[in-house]
Amino acid sequence: MTKTMLVTGGAGFIGSNFIRFVFEKTGFKGRIVNFDKLTYAGLRGNLSDIERRFGPKRYVFIKGDICNFKKVNAVIRKYDVSVIVNFAAETHVDRSIHGPREFIETNITGAFNLLECARANWKNRKDVRFHHISTDEVFGSLGKTGRFMETTPYDPRSPYSAAKASSDHLARAYFHTYGLPVTISNCSNNYGPYQHPEKLIPLALLKAVDGEPIPVYGDGGNTRDWLFVEDHCRAIWVILRRGRPGETYNVGGNCEKRNLETLRALFRALEKLKPSVKNQMLKGCRYEELITFVKDRAGHDRRYAIDSGKIKRELGWKPRFGFSEGLEATVAWYLAHGSRLKKTVAASYRAWLKKNYILR
Ligand SMILES: NC(=O)c1ccc[n+]([C@@H]2O[C@H](COP(=O)([O-])OP(=O)(O)OC[C@H]3O[C@@H](n4cnc5c(N)ncnc54)[C@H](O)[C@@H]3O)[C@@H](O)[C@H]2O)c1
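The shown structure was predicted, so the numbers you read here are calculated from the model rather than taken from an experiment. Counting from 1, residues in each chain are numbered in the order their sequence is written. Whole-chain, interface and lining totals are the exception, using all residues; otherwise, since this is a predicted model, local features are given only for residues with pLDDT of at least 70 and side-chain atom pairs are given and counted only at 80 or more.

A.B. asks: How would you summarise helix α5 (residues 101-121) if you had to cite specific residues and measurements?
C.D. replies: Labels follow the DSSP assignment, with helices taken as runs of H or I lasting at least four residues and strands as runs of E lasting at least two, numbered in each case from the N terminus. Any helix carries an expected span of 1.5 Å times its number of residues minus one. Here α5 spans 29 Å end to end across 21 residues, near enough to the 30 Å set by a 1.5 Å rise per residue. To obtain the bend at a residue, axes are fitted to the seven residues ending there and to the seven starting there, and the angle between these axes is taken. The largest bend along α5 reaches roughly 30° and is located at Gly 110. Those residues of α5 not exposed but buried are Phe 103, Thr 106, Asn 107, Ile 108, Gly 110, Ala 111, Asn 113, Leu 114, Leu 115, Cys 117 and Ala 118. C-beta atoms are placed from the backbone for every residue, and two residues are taken to be in contact when these atoms lie within 7 Å. Looking at the buried residues of α5, the elements they touch are β1 (4-8), α3 (69-78), β4 (81-86), α4 (93-98), β5 (129-135) and α6 (159-178). With C-beta atoms placed from the backbone, a residue counts as buried when 20 or more other C-beta atoms lie within 10 Å of its own, as exposed when 12 or fewer do, and as partly exposed for counts between those limits.

Spelled out as structure tokens, the structure:
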């Protein structure tokens, strides 16, 4: 691939992993324009090594809002963009409960705006692709059995998932109505390096290292399917190369865990690299003893499980990382980078947690 790819939200967790993955592991010869608003969740420094190695010829960072038609349009023209991968979104369910407006603006209006820009610039072009990144949360909550298929009816329950569902519908509509070559992926919970510490795994990890109480919603029995972020990046790459326009692909790790199981697996990985007995912040207790149950999240989906048979059958993708392997890589990364992260994001995050009852 020698094209120019516009990656929106590339300073966030999955977007920054994707850009690094493309440069380092795919043989990609083209240019990436990373277009990101740098909200509280985006850090340009997540890709400072890539910027040093590939910028400005093959990597360009532009600070901007996907809701700004003029600016996105100008970028597509200036760089002759022929692939758009849309990661940009507000992504934290808790934040969407306390303040849904930005979720509607970025996740719906922003996605619409990108689709409009692509439509305006790519008239009748066949050598282009718009890939929209979405979540399994659009399918709602499962009972004890069953898995989400690509054909499962949408049933979102939070402002976050409802906004993501809207953008999926818009993306699909642009394929059917205008023939825009759109693909969509709906992925399960990701974990790995560079994830914002408001999400379960890095939150628990950083708190465990500091010997602080680890908040767990409800009874800790909510179930999620986990995928190491690099496996997600490879799935997106495979869809860009071989996915069929108009199609949706479910992407999951076949790794269903209750939240308490997830935390126990995380603590096992942490014990290997930073044993609790040697961690003075714990004052003699074990990581597991830090678990503190808090009032459940409003409308908390009980269980997600995803069937990724289609991408496996049609495109030959399957996850390569086991859960403990991925967790150990994640723990190692946070042990090496946690203090930098804490400096950059922790102050605002702690204030937010306190304001919104999660930390008392
Ligand atoms: N994290 C997961 O487990 C997961 C699972 C499935 C799907 N997804 C989807 O993957 C995508 C990326 O998720 P993430 O976890 O990396 O999110 P993130 O919150 O870490 O990063 C989001 C990025 O988008 C940027 N952004 C936000 N609003 C913007 C705007 N208006 N214009 C331009 N940039 C903007 C932020 O600055 C940030 O860099 C999202 O679309 C999300 O719905 C995430």
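A.B. asks: Quick rundown of the sheet that holds β4? Include the residues and the values.
C.D. replies: A pair of strands is considered paired only if DSSP assigns at least 2 bridges between the two. Strand order in the open sheet formed by 7 strands is β3-β2-β1-β4-β5-β6-β10, and the pairing between neighbours is parallel. One side of each edge strand has no neighbouring strand; the edge strands of this open sheet are β3 (59-63) and β10 (248-251). Averaged over neighbouring strand pairs, the angle between their axes works out to 20° when direction is ignored. Bridge analysis of strand β2 (residues 31-36) against β3 gives 5 bridges, and the strand direction is parallel. Opposite Phe 35, over in β3, you have Ile 62 as the bridge partner. For helices, the fitted axis covers only the stretch in contact; all axes are lines through C-alpha atoms, and the angles between them, taken along N-to-C directions, range from 0 to 180 degrees.

A.B. asks: So what about the site of the ligand? Which residues, and what values?
C.D. replies: In the vicinity of the ligand, 30 residues are found, and the nearest of them are Gly 9, Gly 12, Phe 13, Gly 42 and Ala 89. Residue assignment for the shell around the ligand shows that the elements contributing at least two residues are α1 (13-25), α5, β5 and β7 (189-191). Element by element, the count of residues in the shell around the ligand is highest for α1, at 3 residues. Ten residues, namely Ala, Val, Leu, Ile, Met, Phe, Trp, Tyr, Cys and Pro, are considered nonpolar, four, namely Asp, Glu, Lys and Arg, are considered charged, and the remaining ones, Gly among them, are considered polar. Of the residues in the shell around the ligand, the class split is 12 nonpolar, 13 polar and 5 charged. Should the C-beta atom of a residue, placed from the backbone, lie within 6 Å of a molecule or strand, that residue is near it.

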